[in-house]
Amino acid sequence: MQDMALAQVPSSRAVQPALSPVVIRFGRLGDTVLLQPLLHKLHLRYGRPCRLLALGGWPPALYAGQRDVSRVITFRTQHRPLWMSPLRLRAALALRSMREAPFYICEPELRTQTKVRPMLALAGIPAEHCVFIENTPLQQDEHWADWLVRFAETTPAAFRQTHGQTIASVRAAPQLQASADERNHCDAWLYARGLNDSPLVLLQPANKRTMRWNGVRKGADDDKSWPVSRWAALARAIIDRLPGVRVLLCGAPAEARYLDSIQQAAAHAAVSVAAADLPLGRLRALLEVAHSMVSVDTGPAHLAAAMGCPLVVLFGARSPSQWAPRSARDSAVSVLGGLPSIHRVDEIETAQVVDAWHRLPLRR
């Protein structure tokens with residue numbers, strides 16, 4: 001699909017200087033997955049892959065080997081002042097060598113003012129090289145991916161004469177690929193766990209708010225929390241309906257004990273936990289071959305859709321019209337809950353989830 005889009009670039013591109021845009025987004029995993037259509041469109045517009053300034057240790061793994069990104073610059077935290085954060089200071093200084101590029105700042109207004117603008121000032125980025133998404137207001141009920149693609153159509157003042165033309169439309173749905181190494185390592189991991197010959201259904205019960213420093217957050221404090229008993233019942237229902245299936249509980253290492261409690265409640269040998277040994281690259285390759293996934297509204301759900309994995313996603317107090325995962329691979333995404341009708345995931349009954357999962361079409 002990307003090859004077709006690249007072929008649609010107008011022939012006049014050859015007489016324009018090729019540039020590598022800089023994109024800034026300090027979001028979490030799902031936010032950064034949703035950047036992919038914008039990155040692709042900017043790649044088409046300017047003729048070279050983008051450089052991405054992001055937050056956290058996982059963005060380099062997320063965009064490793066993806067044709068629309070040539071470099072990822074990251075730092076761990078944005079909460080300290082710039083002068084007290086060596087990694088953030090180093091990231092700002094790295095932008096100095098990119099001063100001739102167009103800059104696309106995809107941050108909400110408050111964070112732009114307090115976190116991004118000081119870095120741009122330190123790097124000496126000219127104002128006429130920058131556009132800010134805060135100046136392209138989000139429309140009512142507009143999906144974030146649509147907003148980002150619309151933002152990618154804007155042009156910094158310094159480049160309007162050379163790169164101001166429109167290009168063929170880009171689909172506002174992410175698409176990512178696993179590398180050959182990720183696939184090989186995933187195959188070896190599946191073989192070592194005895195999972196290589198079984199259909200795999202992945203469950204993603206946790207989100208960023210599930211865990212606190214002293215254990216699992218109370219369900220009443222987390223609108224995305226679905227009871228352990230329902231996750232266990234869902235696992236058993238999947239096992240009853242799909243012969244030979246293995247159900248894999250996915251999550252981060254810090255969520256291992258929470259996932260263990262679901263496995264114990266399911267009380268079935270076909271249910272296992274993958275938390276300590278599921279880095280992002282392996283998860284990406286796993287999503288490429290899994291039968292399906294059921295997830296709360298969280299980053300891995302967006303990654304699943306981008307990898308073409310059929311998906312059921314449970315929403316709490318957020319609007320699916322703005323945040324539902326999307327797939328450029330045309331894989332099925334079934335959304336349950338969310339505003340305005342449902343404010344908490346625990347309002348969704350187990351039977352609804354089982355039915356939505358059972359209705360997912362087989363992946364191609």
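In the block above lies the structure referred to throughout.
Residues numbered from 1 in each chain as written. Predicted model: local features only at pLDDT ≥ 70, side-chain atom pairs only at ≥ 80, totals over all residues. Heavy atoms only, no water.

(A) Representation of the packing of aromatic side chains in the model. In total, this model carries six aromatic pairs according to the counting rule given. With a centroid separation of 6.2 Å and an interplanar angle of 70 degrees, the aromatic rings of Tyr46 and Tyr104 are classed as edge-to-face. With Tyr46 in helix 3 (residues 36-46) and Tyr104 in strand 4 (residues 103-105), the pair connects residues that are 58 residues apart, well separated along the chain. We note that Tyr46, like Tyr104, is buried. Between Trp144 and Trp147, the ring centres sit 4.8 Å apart and the planes meet at 80 degrees, which makes this aromatic pair edge-to-face. Residue Trp144 and its partner Trp147 are located together in helix 7 (residues 144-151), separated by three residues, close to a single helical turn. Classification of Trp144 by relative accessible area gives buried; the value is 12%. (Phe/Tyr/Trp six-rings, centres within 6.5 Å; stacked < 30°, edge-to-face > 60°. Helix = DSSP H or I, 4+ residues; strand = E, 2+ residues; numbered from the N terminus. Buried < 20%, exposed > 50% of the residue type's maximum accessible area, 1.4 Å probe, protein only.)

(B) Structural view of helix 13 (residues 299-306). Among the eight residues that make up helix 13, eight are buried, leaving the element largely enclosed by the rest of the structure. Among the residues of helix 13, those classed as buried are Gly299, Pro300, Ala301, His302, Leu303, Ala304, Ala305 and Ala306. Positive phi appears at Gly308, one or two residues downstream of helix 13, with a value of about 85 degrees.

(C) Structural detail: the sheet that holds strand 1 (residues 22-25). Judged by pairing direction, the sheet is parallel, and its five strands sit side by side in the order 3-2-1-4-5 without closing on themselves. Taken across any chain shown, the strands that pair with only one partner, and hence form the sheet edges, are strand 3 (69-75) and strand 5 (130-132). The average angle at which neighbouring strand axes cross in this sheet is 20 degrees, direction not considered. Relative to strand 2 (residues 50-55), strand 1 is paired through four bridges, and the arrangement is parallel. Bridging from a neighbouring strand, Arg25 pairs with Ala54 of strand 2. Running at roughly 145 degrees to strand 3, helix 5 (residues 86-94) makes contact with strand 2 and strand 3 of the sheet. (Pairing = 2+ DSSP bridges. Axes fitted to C-alpha atoms, helices over the stretch in contact; angles between N-to-C directions. Contact = heavy atoms within 4.5 Å.)

(D) Representation of the pairing of strand 9 (residues 246-250). Burial analysis of strand 9 places four of its five residues in the buried class, which makes it a mostly covered element. Pairing geometry for strand 6 (residues 200-204) and strand 9, over four bridges, is parallel. Bridge pairing links Leu200 to Arg246 in strand 9. Pairing analysis gives four bridges linking strand 9 to strand 10 (residues 271-274), with the strands arranged parallel. Paired with Leu248 across the two strands is Ser272, which belongs to strand 10.

(E) The nonpolar core, seen in detail. Val23, Leu35, Leu38, Leu202, Leu286, Leu287 and Leu303 are the most contacted members of the largest nonpolar core, which totals 60 residues. The greatest single-element share of this core, amounting to six residues, is contributed by helix 7. Not counting the four nearest positions on each side in its chain, Leu38 is found in contact with Val23, Cys106, Leu148, Val149, Phe151 and Ala152. Core analysis: the next-biggest nonpolar cluster, separate from the first, contains 37 residues, Ala237, Leu336, Ile342 and Leu360 among them. (Core = buried A, V, L, I, M, F, W, Y, C linked by side-chain atoms within 4.5 Å.)

(F) Fine view of helix 6 (residues 109-123). Compared with an ideal rise of 1.5 Å per residue, which puts 15 residues at 21 Å, helix 6 spans 20 Å between its outermost C-alpha atoms and is within 8% of the ideal. The largest bend in helix 6 comes to about 40 degrees, at Val116, with the proline Pro118 one to four residues further on. Those residues of helix 6 that fall on the buried side of the exposure criterion are Thr112, Lys115, Val116, Met119, Leu120 and Ala123. Among the structural elements, strand 1, strand 2, strand 3, helix 5, strand 4 and strand 5 are those in contact with the buried residues of helix 6. Looking one or two places after helix 6, you find Gly124, whose phi comes out positive at around 75 degrees. (Expected span 1.5 Å × (residues − 1). Bend = angle between axes of the 7 residues up to and from the residue.)

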